[in-house]
Amino acid sequence: MPRAAITLSSLIISIILLISGNAFLMTLLGLRLSIEEFSAALIGWILVFYSFGFVAGTLWAGRIIEKVGHIRAFAVFAAVLAASILIYPMAVEAGLWGLLRALGGFVMAGLMIVMESWFSSKADNRNRATLFAVYQLVFFLSTAGGQVLIRVADPAGFIPFSLAAILIALALVPLSLTRQESPTITHGERMSLRRLYKTSPQGTLGALVAGLLISAFYAMGPVFADRIGLDTGQLSNFMASAILAAMVLAWPVGLLCDRYDRYQVMLIASAVAAVCSLIAALIGDFNMILLVIFVGLYMGITATLYPIAVAITNDLMETHQITATSTALLLSYGIGSCAGAPLSALFMELIGPRGLFVSNALILGGLVLFMVFGPRRKHPPVNQQEHFITTTPEAALGLAEIDPRNTDFEAEHAEENPANETRAGGQPG
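Presented here is a report on the structure given in the accompanying data block. (Residues numbered from 1 in each chain as written. Predicted model: local features only at pLDDT ≥ 70, side-chain atom pairs only at ≥ 80, totals over all residues. Heavy atoms only, no water.)

## Points about the overall build of the chain
Part 1: Looking only at helices and strands, the chain features 16 helices and 0 strands.
Part 2: Relative to its 429 residues, the chain shows a buried fraction of 56%.
Part 3: If you take every contact in the chain between residues at least 6 apart in sequence, the share linking residues at least 24 apart comes to 85%.
Part 4: Carbon and sulfur atoms form 65% of the exposed surface of the chain, whose accessible area is close to 17,400 Å². (Helix = DSSP H or I, 4+ residues; strand = E, 2+ residues; numbered from the N terminus. Buried < 20%, exposed > 50% of the residue type's maximum accessible area, 1.4 Å probe, protein only. Contact = heavy atoms within 4.5 Å. Areas by Shrake-Rupley, 256 points an atom, 1.4 Å probe, with all protein chains shown as cover.)

Okay, here's the thing in structure tokens:
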């Protein structure tokens, strides 16, 4: 087996371990806080510190990586994250857990930058679309797999926290053993949120709303499930099915975005997601099967809002601006994620567990109104739209440069791969 293939498989194993462990921890923390009978509002504020830390990490963790190198930075970030996980069960205290969540978000952003930049370094014009798709598939499956681990042991004990720490620590092994040269972190053009909004108001707000909704579900979804009476196994299925629905619905929504006006697709998707969220709120614990179906539809459609926002925005940008655009959209998403959990928690405190989906429906309703009555830029006709690429916000950290729409990548690698000819949109000629 070629060394490059072996190295890539080790990276994928590290990604699986890291994403599974972090996803498991996020669900575990929400459930444990609910078991400890913290108020919904306080749970929201504790867990939102992860978003604060993650946004800070996207801005500053790269400086640490530049100073000490990828492998050393990865070892530091993973060690800090594993240690912080082991501290949680020592003292279930709101202030301490908030600080640990902020620290966890910061180092997790650093870990993602290291792994994704290494992943990107293995790409060339022939395989970058495939690598981008592989990363998305691994990310979704690992996140869903992390939910299954909640069944392993009693969340009121220390064993689940130890398991999450073990997974994070083991993620060190494959990447640390690689003999490949460390990739470099490049600094490209930057774009302000103000400029992004002027160019694509719908794309900017769509990314922000996606951050609001997705962070709210990951943080407060386990709390909702616990407080409507689901047992640990049902909670695991509830969370995992919603994440798998996001992966499954990405493909048909992508087809719609390539065949119809993406502005209209986002408008309809937002309206349908709002209806599904309201139905989920009404179902509550009345029927588990119906609840899983409509929450799955809601989460699956909601997860497509970010890639649709990216596609709408990129249609209005020059191809060399894609990396800068992705970074600005990620910032908009991050700002939304910092408000999602506290807002949903407030509604849950006021009207009960179903407030999670009531608040989400209201947010989506606001996006629908903005799409209808807000400012709108002239978009290219359908036959001139860039090819739709399914993506996640996390991919903007280190994978934007291998987005198949990014012609900067082609120019940078033209001398390395002179035989490769690539058409606009990143598809091999």
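## Some words on the side chain of R101
Part 1: Along the polypeptide, R101 turns up in helix α4 (residues 94–121).
Part 2: Judged by its relative accessible area of 3%, R101 falls in the buried class.
Part 3: Once you skip the residues sitting within four places of it in the chain, R101 turns out to touch L25, M26, L29, I46, L47, F49, Y50 and Y88.

## A short note on a nonpolar patch on the surface
Part 1: A cluster of nonpolar side chains, contributed by L42, W45, F49 and F52, occupies part of the molecular surface with about 360 Å² of accessible area.
Part 2: Take W45: its relative accessible area is 48%, and that puts it in the partly exposed class. (Patch = residues over 30% accessible without salt bridge, like charges linked within 9 Å, V, L, I, M, F, W, Y side chains within 5 Å. Salt bridge = Lys/Arg side-chain N within 4 Å of Asp/Glu carboxyl O.)

## Details of the environment of N314
Part 1: Locating N314 in the fold gives a position in helix α12 (residues 288–314).
Part 2: Put simply, N314 and T325 are 11 residues apart on the chain and 7.4 Å apart in space, counted from C-alpha to C-alpha.

## Quick look at the packing of aromatic side chains
Part 1: All chains considered together, the criterion is met by 12 aromatic pairs.
Part 2: An angle of 80° between the planes, with centres 6.4 Å apart, marks the rings of F139 and F140 as edge-to-face. (Phe/Tyr/Trp six-rings, centres within 6.5 Å; stacked < 30°, edge-to-face > 60°.)

## Quick word on the side chain of T27
Part 1: As for its position among the elements, T27 is in helix α1 (residues 3–35).
Part 2: T27 sits in the buried class, given a relative accessible area of 2%.
Part 3: Of the polar contacts made by the side chain of T27, one reaches the side chain of Q147; its length is 2.4 Å.
Part 4: Ignoring sequence-local partners within four residues, the contact set of T27 consists of Q147, I150, P222, L235 and M239. (Polar contact = N/O pair within 3.5 Å; in protein donor to acceptor, adjacent residues only side chain to side chain.)

## Examining the nonpolar core
It is characteristic of soluble globular proteins that their nonpolar side chains tend to be buried jointly.
Part 1: Within the largest apolar cluster, 121 residues are counted, with the highest numbers of intra-cluster contacts made by L18, M108, M220, F238, L305 and F357.
Part 2: Not counting chain neighbours up to four residues away, the residues in contact with L18 comprise L81, M108, L111, M112, M115, I168 and A171. (Core = buried A, V, L, I, M, F, W, Y, C linked by side-chain atoms within 4.5 Å.)

## A look at the packing of α12 against helix α14 (residues 355–373)
Part 1: Taken N-terminus to C-terminus, the directions of α12 and α14 make an angle of 40°; their axes are 13 Å apart at the nearest point. On the basis of the axis angle, α12 is oblique to α14. In terms of crossing hand, the pair formed by α12 and α14 is left-handed. The residues of α14 that touch α12, namely those facing V295, Y298 and L305, are F357, N360, L364 and L367.
Part 2: Grouping the amino acids of the contact of α12 with α14 by side-chain chemistry returns 6 nonpolar, 1 polar and no charged. (Axes fitted to C-alpha atoms, helices over the stretch in contact; angles between N-to-C directions. Parallel < 35°, antiparallel > 145°, perpendicular 65-115°, else oblique. Left-handed = near helix turned anticlockwise from the far one by under 90°. Nonpolar A, V, L, I, M, F, W, Y, C, P; charged D, E, K, R; others polar.)

The values reported here are purely geometric and, on their own, carry no functional implication.
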